[in-house]
Amino acid sequence: MGSETTTLRLPIIDFSKVEFKPDNVEWDLVRVQVQEALQEFGCFEALFDKVPSELRKSIFDAVEELYNLPLETKQKNSSQKLFQGYLGQLPMMPLYEGMAINDANLLEKAESFTNLLWPEGNPGFCKTIQSFSEQLSELDRIIRRMVLESFGVEKYLDEHIESTNYALRVLKYNEPKTTETMLGLKTHTDKNCMTILCENQVHGLEIQTKDGKWMNVKPSPDSFTVLIGDCFYAWTNGWLHAPTHRVMMSGFKARYSVGFQSIPKGGYIIKAPEELVDEDHPILFKPFDYVEFIEFYDTEAGRKAKSALKTYCGV
């Protein structure tokens, strides 16, 4: 299964020297790069030295340890909510396994998840997922501040941050054991605000450009791939692009990826600020609650829709 693809080199943006302080030229330069990349591609590669190479290695060791647990142990992480509990062995995506660790940046939440699957405790796993998530929450806040500043709507930043929960999505794509291309994860846009993704260098991520071409994404070993989701796309009234993407697999190695996601809290109403609406940019979406949107997405109508967001609340 597959289609013609070419390799895409996303913009690479270095956040290593970025600090938020008055008259910081470096901050301003990076902010322009972020805005341009997210408007054109909806994604970019980020270099962020707050996550050192040893922590990157540790997170993939931890994810591999997690997925080596017996199936009945992984299934203890169960939930009726979409994108929450353990999900695997799906007929349409037989290579895929996934689960979310909610608020993994908070020590007590990381401990709760760890103790569910390792009742005897696993402090190394717990420390790794919490530290990794805590560092990426800083990068998430930097990028979102830059986006709001770019559009002159930074007065909404506190509201943005206070209305956010975080989740660490840990994914495994089992090795296809064939040179034929197989579907790892179906075509979709992320439904949350933003995802910061890293992988174990077993490539497979493909992103669809605005003109409909599929492009392979092969990030460098030290970078993260930042992708905009439907909620941020709607909040910016379409000024940012939410890229359609998928995972296609071949070969004899398993792919592990970790996505740190910012997610609107239930009850927070996502509504484009009036500053981002004008005659040339009319309002695209009615105000909506993320939790209710996800409930719609989990229905037959939501799954069949070409764009669940437009079907649910498009103007």
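Look up a bit, the structure's there.
All values reported here derive from a predicted model rather than from experimental measurement.

Calculation notes
- Residues numbered from 1 in each chain as written.
- Predicted model: local features only at pLDDT ≥ 70, side-chain atom pairs only at ≥ 80, totals over all residues.
- Heavy atoms only, no water.
- Pairing = 2+ DSSP bridges.
- Helix = DSSP H or I, 4+ residues; strand = E, 2+ residues; numbered from the N terminus.
- Axes fitted to C-alpha atoms, helices over the stretch in contact; angles between N-to-C directions.
- Buried < 20%, exposed > 50% of the residue type's maximum accessible area, 1.4 Å probe, protein only.
- Polar contact = N/O pair within 3.5 Å; in protein donor to acceptor, adjacent residues only side chain to side chain.
- Core = buried A, V, L, I, M, F, W, Y, C linked by side-chain atoms within 4.5 Å.
- Contact = heavy atoms within 4.5 Å.
- Phe/Tyr/Trp six-rings, centres within 6.5 Å; stacked < 30°, edge-to-face > 60°.

**Focus on the sheet that holds strand β6 (residues 164-173)**
Stage number 1. Taken in spatial order, the 8 strands of this open sheet run β2-β3-β11-β8-β13-β6-β5-β4, and their pairing is mixed. Among the strands making up the open sheet, the edge pair consists of β2 (12-14) and β4 (87-90). Between one strand axis and the next, the sheet turns through 25° on average, direction left out of account.
Stage number 2. Where strand β8 (residues 194-199) lies against strand β11 (residues 223-228), 4 bridges are found, and the strand directions are antiparallel. Bridge pairing links M194 to I228 in β11.

**Overview of unusual backbone geometry**
Stage number 1. The phi angle at Q201 is positive, at roughly 70°, despite the residue not being glycine.
Stage number 2. For Q201, a relative accessible area of 31% corresponds to the partly exposed category.
Stage number 3. You will see that N237, though not glycine, has its phi angle at about 55°, which is positive.
Stage number 4. With respect to the helices, strands and loops of the structure, N237 is situated in the loop between α7 (230-235) and β12 (245-251).
Stage number 5. Among the residues examined, N237 registers a relative accessible area of 4% and is labelled buried.

**Brief notes about the side chain of T128**
Stage number 1. Turning to its location among the elements, T128 is positioned in helix α5 (residues 123-150).
Stage number 2. Judged by its relative accessible area of 12%, T128 is buried.
Stage number 3. A polar contact of 2.9 Å, which involves the side chain of T128, links it to the backbone oxygen of G124.

**Topic: the nonpolar core**
Stage number 1. Counting 79 residues, the largest nonpolar core has F15, V34, F44, L66, F132, I143 and L168 as the members making the most contacts within it.
Stage number 2. Looking at this core element by element, the count peaks at 11 residues for α5.
Stage number 3. Among residues more than four places away in sequence, those in contact with F15 are V30, V34, F44, A46, L47, F48, L139, I142, I143 and M146.
Stage number 4. Judged by nonpolar contacts, the second largest core, of 11 residues, contains M93, L171, Y173 and M248.

**Observations concerning the packing of aromatic side chains**
Stage number 1. Tallying each qualifying case throughout the model produces 14 aromatic pairs.
Stage number 2. A ring pair is formed by F151 and W239, whose centres lie 5.7 Å apart and whose planes are at 55°; its orientation type is tilted. Of this pair, F151 sits in the loop between α5 and α6 (157-162) while W239 is found in the loop between α7 and β12, placing the two residues 88 residues apart along the sequence.
Stage number 3. The exposure class of F151 is buried, given its relative accessible area of 16%.
Stage number 4. Its relative accessible area of 26% is what places W239 among the partly exposed residues.
Stage number 5. A centroid spacing of 5.9 Å and a plane angle of 80° characterise the contact between Y156 and W235, whose relative ring orientation is edge-to-face.

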